[in-house]
Structures are given as structure tokens and as C-alpha cells.
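The primary structure of each chain is shown beneath.
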Amino acid sequence: MDMLGDFEDADGDAGGDEYAEFAEEAVAPEYNVKDSILFVIDARKSMCADHLALGGGGRSCFLQSLDCVLACMRDRILGGDRDLVGVLLFGTEKAKVPNGHEGFDHVYVLQDLEEPSATSMRTISLIQAEQEQRAADCKPDLLGGGSGASASGEALPPRLGPDFGHLDNSQPLELANVLWVTSMLFNTSAAKNTRRRVYLLTNDDNPCSHSQAARARAFTRSRDLQQAN
């Protein structure tokens, strides 16, 4: 029963527009809206460099980025939330985009926007384990694929997770394509009317330094994403 709709004031008039407005705003509170969270992670070699080798401490930026993804997934599972989480890598040697579209080199969809699961968390954990193993056993240049041999000349163990490879930072990067695939992932997601959020994780503050035209294209794509909320 809508009590506000039946309310009458002392003059016998209906409660007025202010009550109707209040009742309208009370419908569908924002906390019922699901989140669609997309982690867009730089997977180039500099992100995979061991911080200890660079004179710092802790794990590589790439491993720390995957830590963030796993923490987000774990919170959603334990909290019983129905939020969606996706992972998009850029700066990869191989490409994998929705519906097999071509022309998006060095962009790899690691996980579509979907509810986190034990399977998706295991895939990311395997990638972390492999990165840690190869960082300890291999020459630095083997992070991008290399010759398949360790620093001692022994054959590397088989890959644990997806084989997407890592570009060198000196190679040109078309960030506009990364943002284009970001838009594609949200548009092809089955869930609608969600709060769409993008987290871009990189250690490169100027990824389009090779080309002002590429920088302009990236700005255009970012404005398109903002206009699409």
C-alpha cells in the first residue's frame, strides 16, 4: 500500500508534489545496483621486472596487479555479491578479443566480465605462480617468450597458465585499441544497468610517448568511455 499516495492535508488536498517526489526517489536504492569492474593491466616486460633486481623490494608490478584482482574476487565471493569482474591485459605478444575481432594487436582478454569463481581465481593464481617461477629461474628477457631455456641452459617447465607473452616497452602501443576493447567488453556483457568501473594499472605514465597521434586517439576513446558512463 502506498501510504504517501493516500495522504491528504488539512484542506482535503492530496499530499502534494513533495511527497510524490519523495516516494519516487525511494524506489530502487542505489545499493541494489551491481558493479561491473574491469581491471585493465599493463603486461609489458617492465611491469614484470622483479623489484629486487631494480633495487626495490617486494614483487613485480604485474604480480601486484594480479594480487589486486584476486583480492577483489575474493571479497565478492565471501560477501555473496553478484558483481562482475573482468581482466584485460595489454602489451601482450598475442591477442584475444571478444568475438574474434581482428585489428586489436597486443590486447588479451584474460577474463570476460562475469561473477568471480574458484575457476577464474585459479587461472590467475597459476599465472602468478608461473611468473614467480620464471622470474627466479630465467634470464630477464625470457619473460617475453625467449628461447625456452633457463639461465642454466635447462629447458623451462611447461606453462601453467595462458601463454600470452610480454612485449618490450620500446615497441609502440596503441592505447586507443585497449580502450576500444574495454568498451566492447562492457557492451557485450549479459548484465545490464550496472555501475561500470575501469581500473587501469601500469607503471608507465606516458604509454603513447612514441606518437602524438596515438595519444590523441587515446584521449578520444577515453572521452567516448566517459560519455557512455
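Residues numbered from 1 in each chain as written. Predicted model: local features only at pLDDT ≥ 70, side-chain atom pairs only at ≥ 80, totals over all residues. Heavy atoms only, no water.

Caption draft 1: Inspection of the overall build of the protein at higher detail. From N to C terminus, the protein includes 7 helices and 4 strands. Residue burial in the protein is summarised as follows: out of 229 residues, 37% are buried. At a minimum sequence separation of 6, the contacts of the protein that also span at least 24 residues come to 70%. Accessible area of the protein: about 13200 Å², with a carbon and sulfur share of 50%. (Helix = DSSP H or I, 4+ residues; strand = E, 2+ residues; numbered from the N terminus. Buried < 20%, exposed > 50% of the residue type's maximum accessible area, 1.4 Å probe, protein only. Contact = heavy atoms within 4.5 Å. Areas by Shrake-Rupley, 256 points an atom, 1.4 Å probe, with all protein chains shown as cover.)

Caption draft 2: The nonpolar core, seen in detail. In terms of nonpolar packing, the biggest core is built from 22 residues, with F39, I41, F62, L89 and I124 touching the most fellow members. Elements that contribute at least two residues to this core include exactly strand 1 (35–42), helix 3 (45–48), helix 4 (61–79), strand 2 (84–90), strand 3 (107–114) and helix 5 (118–137). By residue number, the principal contributor to this core is helix 4, which donates 6 residues. The residues touching I41, leaving out its near neighbours within four places in the chain, are M47, F62, S65, L66, V69, V87, L88, L89, F90 and L201. (Core = buried A, V, L, I, M, F, W, Y, C linked by side-chain atoms within 4.5 Å.)

Caption draft 3: Quick look at the packing of aromatic side chains. With the rule as written, the count across this model stands at 3 aromatic pairs. Both rings, one in Y108 and one in F164, keep their centres 5.5 Å apart while their planes meet at 50 degrees; by these two values the pair is tilted. Taken together, the positions of Y108 in strand 3 and F164 in the loop between helix 5 and helix 6 (175–188) put the pair 56 residues apart, joining distant regions of the chain. Using a relative accessible area of 11% as the deciding quantity, one classes Y108 as buried. (Phe/Tyr/Trp six-rings, centres within 6.5 Å; stacked < 30°, edge-to-face > 60°.)

Caption draft 4: Fine view of helix 6. For helix 6, spanning 14 residues, the distance from its first C-alpha to its last is 20 Å, which sits close to the expected 20 Å at 1.5 Å a residue. In this structure, the buried residues of helix 6 make contact with strand 1, strand 2, strand 3, strand 4 (195–201) and helix 7 (212–227). (Expected span 1.5 Å × (residues − 1).)

Caption draft 5: Quick look at the environment of N203. Here N203 lies in the loop between strand 4 and helix 7. Under the relative-accessibility criterion, N203 is labelled partly exposed at 37%. Once residues within four sequence positions are removed from consideration, N203 is found in contact with D42, S46, M47 and C61. Within the local environment of N203, its side chain forms a polar contact with the backbone oxygen of S46, the two atoms lying 3.4 Å apart. (Polar contact = N/O pair within 3.5 Å; in protein donor to acceptor, adjacent residues only side chain to side chain.)

Caption draft 6: A look at the confidence of the model for the protein. Summarising the model, the protein shows a mean pLDDT of 78, and 72% of its residues fall at 70 or more. Of all helices and strands in the protein, the one with the weakest mean pLDDT is helix 1 (residues 3–6) (44), whereas strand 2 scores best (96). Scored below 50 in pLDDT, residues 1–10 makes 12 contacts in the model with residues more than four places away or belonging to other chains. Low pLDDT, under 50, characterises residues 139–157; the predicted model gives this stretch 28 contacts beyond four residues in sequence or across chains. (pLDDT = per-residue confidence, 0-100.)

Caption draft 7: Geometry of the sheet that holds strand 3. Ordered by their spatial adjacency, 4 strands build an open sheet running 3-2-1-4, and the pairing between neighbours is mixed. A single partner strand is all that each edge strand has here, and the edge strands are strand 3 and strand 4. Taking the axes of each pair of neighbouring strands and ignoring which way they run, one obtains an average angle of 10 degrees across the sheet. Relative to the sheet, helix 4 contacts strand 1, strand 2, strand 3 and strand 4, its axis offset from that of strand 1 by approximately 165 degrees. The sheet contacts of helix 6 involve strand 1, strand 2, strand 3 and strand 4, and relative to strand 3 the element is tilted by about 25 degrees. (Pairing = 2+ DSSP bridges. Axes fitted to C-alpha atoms, helices over the stretch in contact; angles between N-to-C directions.)

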